[in-house]
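Here are the chains, one letter per residue:
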Amino acid sequence: MTRKPLIAGNWKMFKTGPEAVDTAVHLAEDCADVTDVDIMIAPAYVCLPLVAAAIAGTRIHLGAQNLHFENQGAFTGEISADMLKTAGVEYVIIGHSERRQYFFETDDTVNKKIKAAAAKGLKPILCVGETDAQREAGNTFLTLDKQVSDGLKGHDPKHLKDLVLAYEPVWAIGTGQTAGPDQVAEVHEYLRNLLETRVSPDTAQSTRILYGGSVKPENIAELMRINDVDGALVGGASLDANTFTNIVKYD
Ligand code: PGA
């Protein structure tokens, strides 16, 4: 099976509505000729409808950075899958390490969020990755196994055909430190096998596994040459349309 690469930009808590629209429009213009890579941007919630309108009919796909697992209810400050869907969202990032670290997301809430997203036809991007301390202690694979297994436990593989997995070593996010090619290759192969044993062989084949953590124009080509790397989740370097375009158009 051939997997079309996905280059996704996570804008985190950056950009007001007008700024998000401006960047999205520039990106859409600069990437109008890109057909071999799926491009996604994930602005803040309030920017989603504005950006959806701005990129309609272009090659840019829209993602959200989080969702709540309930469909509606008294959950002040939360956003449901239906709300995202009707705002024009196609992808949703789930379990990003910043959410695990600062907002107490657990593998259990991640599991429910994946289920809620898939049930509404949103494409979940499940983020996993070890901290520096976990890697130093030799627990990288143990950590990833738990995050993947618990995050996807009990899910019908039929509902995971659009699943995306993002390997983001926590120590590489926003630090300028990228995992080396051997480390990335080793982990991505491990994750592909994990999907096969924990979910299904079909899921292992269809799931795009992205690398994330200080991806920039200077290192994207090397990362994309690695077996089992099907794209990238980009934070800081996705905020500028020119820089992000240079990542999307890697060669
Ligand atoms: P970074 O962030 O590219 O700024 O390291 C990646 C991410 O958090 O998804």
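See the structure shown above.
Residues numbered from 1 in each chain as written. Predicted model: local features only at pLDDT ≥ 70, side-chain atom pairs only at ≥ 80, totals over all residues. Heavy atoms only, no water.

1. A word on unusual backbone geometry
Note the cut-off: Three labels apply to residues, based on accessible area from a 1.4 Å probe with only protein chains included: buried if under 20% of the type maximum, exposed if over 50%, partly exposed otherwise in between.
For Lys15, which is not a glycine, the phi torsion comes out positive at approximately 80 degrees. One non-glycine residue with positive phi stands out, namely Ser214, at about 60 degrees. Using a relative accessible area of 17% as the deciding quantity, one classes Ser214 as buried.

2. As for helix α7 (residues 140–152)
Which entries qualify depends on this criterion: Going along the chain from the N terminus, every DSSP run of H or I of four or more residues is numbered as a helix, and every run of E of two or more is numbered as a strand. Expected helix span is given by 1.5 Å per residue-to-residue step, counting one fewer step than there are residues. Every residue pair with non-hydrogen atoms within 4.5 Å of one another is taken to be in contact.
Counted at 1.5 Å a residue, the expected span for α7 with its 13 residues is 18 Å, and the 18 Å between its end C-alpha atoms agrees. For α7, every residue scored as buried is listed here: Thr140, Thr143, Leu144, Asp145, Gln147, Val148, Ser149, Gly151 and Leu152. Buried positions along α7 lie against α4 (97–102), α5 (107–119), β5 (123–128), α6 (132–136), β6 (164–167) and α8 (181–198).

3. Details of the nonpolar core
Note the following rule: We define the nonpolar core as a collection of buried residues of types Ala, Val, Leu, Ile, Met, Phe, Trp, Tyr and Cys that are connected through side-chain atoms lying within 4.5 Å of one another.
The biggest cluster of nonpolar side chains holds 64 residues, and the ones touching the most others in it are Ile7, Leu152, Leu191, Leu195 and Phe244. Those residues within four positions of Leu195 in sequence are excluded, and the remaining contacts are Val148, Leu152, Leu163, Leu165, Ser200, Thr203, Ala204, Thr207 and Ile209. In this structure, Tyr91, Cys127, Val164 and Ala166 belong to the second largest nonpolar core, which totals 12 residues.

4. Observations concerning the environment of Val234
For Val234, the location among the structural elements is in strand β8 (residues 231–234). Residues Val234 and Trp11, spaced 223 residues apart in sequence, show a C-alpha to C-alpha distance of 8.4 Å.

5. Thoughts on the pairing of strand β2 (residues 38–42)
Defined as follows: If you view a crossover with the strands going away from you and the path from the first strand over the helix to the second runs clockwise, you call it right-handed. Paired strands are those between which DSSP finds at least two bridges.
Taking burial as the measure, the five residues of β2 include five buried ones, the bulk of the element. A crossover links strand β1 (residues 6–10) with its parallel partner β2, the connecting element being helix α1 (residues 17–30), and its sense is right-handed. One ladder, built from three bridges, connects β2 with strand β3 (residues 60–64); its direction is parallel. Within β3, the residue paired with Ile41 across the bridge is Leu62. With helix α2 (residues 48–55) bridging β2 and its parallel neighbour β3, the resulting β-α-β unit is right-handed.

6. Things to note about the packing of α1 against helix α11 (residues 241–248)
Filter applied, for reference: Note on method: axes are straight lines fitted to C-alpha atoms, helices fitted across the in-contact stretch only, with angles between N-to-C directions ranging 0 to 180 degrees. In this scheme the handedness of a crossing depends on how the near helix is turned from the far one: anticlockwise by less than a right angle means left-handed, clockwise means right-handed. Following the grouping adopted for this structure description, the nonpolar residues are Ala, Val, Leu, Ile, Met, Phe, Trp, Tyr, Cys and Pro, the charged ones are Asp, Glu, Lys and Arg, and the polar ones are all others, Gly among them.
One can describe the packing of α1 onto α11 by two numbers: an axis separation of 9 Å at closest approach and a directional angle of 35 degrees. As α1 packs across α11, the resulting crossing turns out to be right-handed. On α11, the residues that touch Thr23, His26, Leu27 and Asp30 of α1 are Ala241, Asn242, Phe244 and Thr245. Here the residues of the contact of α1 with α11 sort into three nonpolar, four polar and one charged.

7. Focus on the packing of α7 against α8
The contact between α7 and α8 brings their axes to 10 Å, and the two run at 35 degrees. α7 and α8 meet at a crossing whose hand is right-handed. Of the residues in α8, those in contact with Thr140, Phe141, Leu144, Asp145, Val148, Ser149 and Leu152 of α7 are Glu186, Val187, Tyr190, Leu191, Leu194, Leu195 and Arg198.

8. Observations concerning the sheet that holds β3
What the eight strands build is a closed barrel, ordered β1-β2-β3-β4-β5-β6-β7-β8; its pairing is parallel. Ignoring strand direction, the axes of neighbouring strands in this sheet form an average angle of 25 degrees. Lying on the sheet, α2 is in contact with β2 and β3; it crosses β3 at an angle near 170 degrees. Packing of α5 onto the sheet brings it into contact with β4 (91–94) and β5, and relative to β4 it is tilted by some 175 degrees.

9. Notes on the site of the ligand
Formally: We call a residue near a given molecule or strand whenever any one of its heavy atoms falls within 4 Å of it. Pairs of N or O atoms within 3.5 Å make up the polar contacts considered here, provided that, within protein, one atom can donate a hydrogen while the other can accept it, and that residues adjacent in sequence are counted only when both atoms are side-chain atoms. Accessibility throughout is a Shrake-Rupley quantity obtained with a 1.4 Å probe, and a residue counts as covered only by protein chains that appear here.
Close to the ligand lie 13 residues, the nearest being Lys12, His96, Glu168, Gly174 and Ser214. Between the ligand and the protein, one listed contact pairs an oxygen atom with a side-chain N or O atom of Lys12 at 2.7 Å. A distance of 2.7 Å separates an oxygen atom of the ligand from a polar atom in the side chain of His96. In isolation the ligand exposes 290 Å². Once the protein is present, 94% of that is buried.

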